[in-house]
Amino acid sequence: MALRPVQVNMKALDASAVGRFWAEALGWSAYSPGVTTYVGPTGGLVWPDPVAVGVDVVPVPEPGTTAKNRVHLDLATISAAHQAELVARLKALGATPAHVGQGDVPWTVLADPEGNEFCVLEPRETYRDTGPIAAVVVDCADPRAMARFWDEALDWTLREVTDDYAVLRSAEGVGPYLEFLRTPDVKTVPDHVHLDLLPYPGDDKAAEVARLRALGATDLDLGQGDVPWTCLADPEGHEFCVLAPS
């Protein structure tokens, strides 16, 4: 048994507008299968076997906090010209420069129209085959502990782990990386960005949730009520959801 990340869940006051922004940013399409706005490759939301790790923008009644999100996206580029063009295009779509203590770095830090930070990376050979999302990046205190939990939680492969970072990617070597970076920040509020995981067809969701609890995940009450998904937190408190396969 194992789970796979299928989407990055973002909260927004105007889910349709934020969804359109991310569709334009990634060169994908925005769909509204229900109350959320799903952003993914052309072809729609293929469930329960999405073809890519998408973005699901969920409407919320209140704005997020001003604290930096502990989960963000890194976008891939293939040349310096592409990086400059993408940054300019994103600003024209409503992105704004963001300052998170990055200093003088070769990547550009921006925020989407509702303040969710993301990075436009300089060209890196590692990310040439990821598609538009190079990585889902998670701030953490202990990358080695995160590697132990997430390597067991997912069917993805642990590629590298040090005291400062841990890297996982799908066993097929496609799509974005999942990266855990050591940071000095302490988690104080729920994030407006988190991962959604999905069992494979035929796997038992309740058994998967029980397995995650045995690995150190804890139940999370976000006021979700009676819903078909299960909200959990990893050993450092990062929120994630296990979705129902149907």
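Residues numbered from 1 in each chain as written. Predicted model: local features only at pLDDT ≥ 70, side-chain atom pairs only at ≥ 80, totals over all residues. Heavy atoms only, no water.

Draft legend 1. Up close: the sheet that holds strand E15 (residues 230-233). The strand order E2-E3-E4-E1-E13-E16-E15-E14 describes an open sheet built from eight strands, whose pairing is mixed. With one partner strand each, in any of the chains shown, strand E2 (29-31) and strand E14 (218-219) form the two edges of the open sheet. For strand E3 (residues 37-40) and strand E4 (residues 54-59), the ladder comprises three bridges, and the chain directions are antiparallel. Bridge pairing in E4 links threonine 37 to valine 57. The strands touched by helix H1 (residues 15-26) are strand E1 (3-12), E2, E3 and E4; relative to E3, the strand with the most contacts, the crossing angle is about 0 degrees. Sheet strands touched by helix H4 (residues 205-215): E1, strand E13 (193-199), E14, E15 and strand E16 (239-242). Its angle to E15, the strand with the most contacts, is close to 15 degrees. (Pairing = 2+ DSSP bridges. Helix = DSSP H or I, 4+ residues; strand = E, 2+ residues; numbered from the N terminus. Contact = heavy atoms within 4.5 Å. Axes fitted to C-alpha atoms, helices over the stretch in contact; angles between N-to-C directions.)

Draft legend 2. Region of the structure containing the packing of H1 against helix H2 (residues 80-93). One can describe the packing of H1 onto H2 by two numbers: an axis separation of 10 Å at closest approach and a directional angle of 165 degrees. Relative to H2, H1 is oriented roughly antiparallel. Crossing of H1 over H2 shows right-handed handedness. Seen from H1, the contacting residues are Phe21, Glu24 and Ala25; seen from H2, they are Leu86, Arg89, Leu90 and Leu93. In the contact of H1 with H2, the residues fall into five nonpolar, no polar and two charged. (Parallel < 35°, antiparallel > 145°, perpendicular 65-115°, else oblique. Left-handed = near helix turned anticlockwise from the far one by under 90°. Nonpolar A, V, L, I, M, F, W, Y, C, P; charged D, E, K, R; others polar.)

Draft legend 3. Examining the sheet that holds strand E12 (residues 177-182) more closely. Sheet architecture is open: eight strands sit in the order E6-E7-E8-E5-E9-E12-E11-E10, paired in mixed fashion. The open sheet has two edge strands with one neighbour each: strand E6 (96-97) and strand E10 (157-161). Examined bridge by bridge, strand E9 (residues 133-140) and E12 share six bridges and lie parallel to one another. Within E12, the residue paired with alanine 135 across the bridge is tyrosine 177.

Draft legend 4. Spatial organisation of the packing of aromatic side chains. Scanning all chains against the criterion turns up eight aromatic pairs. Where tryptophan 22 meets phenylalanine 118, the ring centres are 4.9 Å apart and the plane angle is 65 degrees; that geometry is what we call edge-to-face. Remark: phenylalanine 118 occurs in strand E8 (residues 117-120) and tryptophan 22 occurs in helix H1; sequence separation between them is 96 residues. Taking relative accessible area as the criterion, tryptophan 22 reaches 0% and is therefore assigned buried. Ring geometry for tryptophan 150 versus phenylalanine 240: centroids 5.1 Å apart, planes at 65 degrees, classification edge-to-face. Of the two residues, tryptophan 150 is situated in helix H3 (residues 143-153) and phenylalanine 240 in strand E16; the sequence distance between them amounts to 90 residues. Given a relative accessible area of 3%, tryptophan 150 falls into the buried group. Overall, the relative accessible area of 1% leaves phenylalanine 240 in the buried class. (Phe/Tyr/Trp six-rings, centres within 6.5 Å; stacked < 30°, edge-to-face > 60°. Buried < 20%, exposed > 50% of the residue type's maximum accessible area, 1.4 Å probe, protein only.)

Draft legend 5. Just the nonpolar core, in detail. One finds Trp22, Leu73, Leu90 and Phe118 to be the most contacted residues of the largest nonpolar core, which totals 50 residues. When residues in this core are grouped by element, the largest group, seven residues, is from H1. If sequence neighbours within four positions are ignored, phenylalanine 118 has contacts with Phe21, Trp22, His72, Leu73, Leu75, Leu90, Ala95, Thr108, Val109, Leu110, Ala111 and Asp112. Counting 12 residues, the second largest nonpolar core, distinct from the first, contains Ala98, Leu121, Tyr127 and Tyr177. (Core = buried A, V, L, I, M, F, W, Y, C linked by side-chain atoms within 4.5 Å.)

Draft legend 6. Highlighting the pairing of E15. A two-sided burial pattern is seen for E15, the buried positions comprising Thr230 and Leu232 on one face and Cys231 and Ala233 on the other. With two bridges joining them, E14 and E15 adopt antiparallel strand pairing. Each residue of the ladder has a partner; that of threonine 218, found in E15, is alanine 233. For E15 and E16, the ladder comprises four bridges, and the chain directions are antiparallel. Residue pairing across strands places threonine 230 opposite valine 242, the latter belonging to E16.

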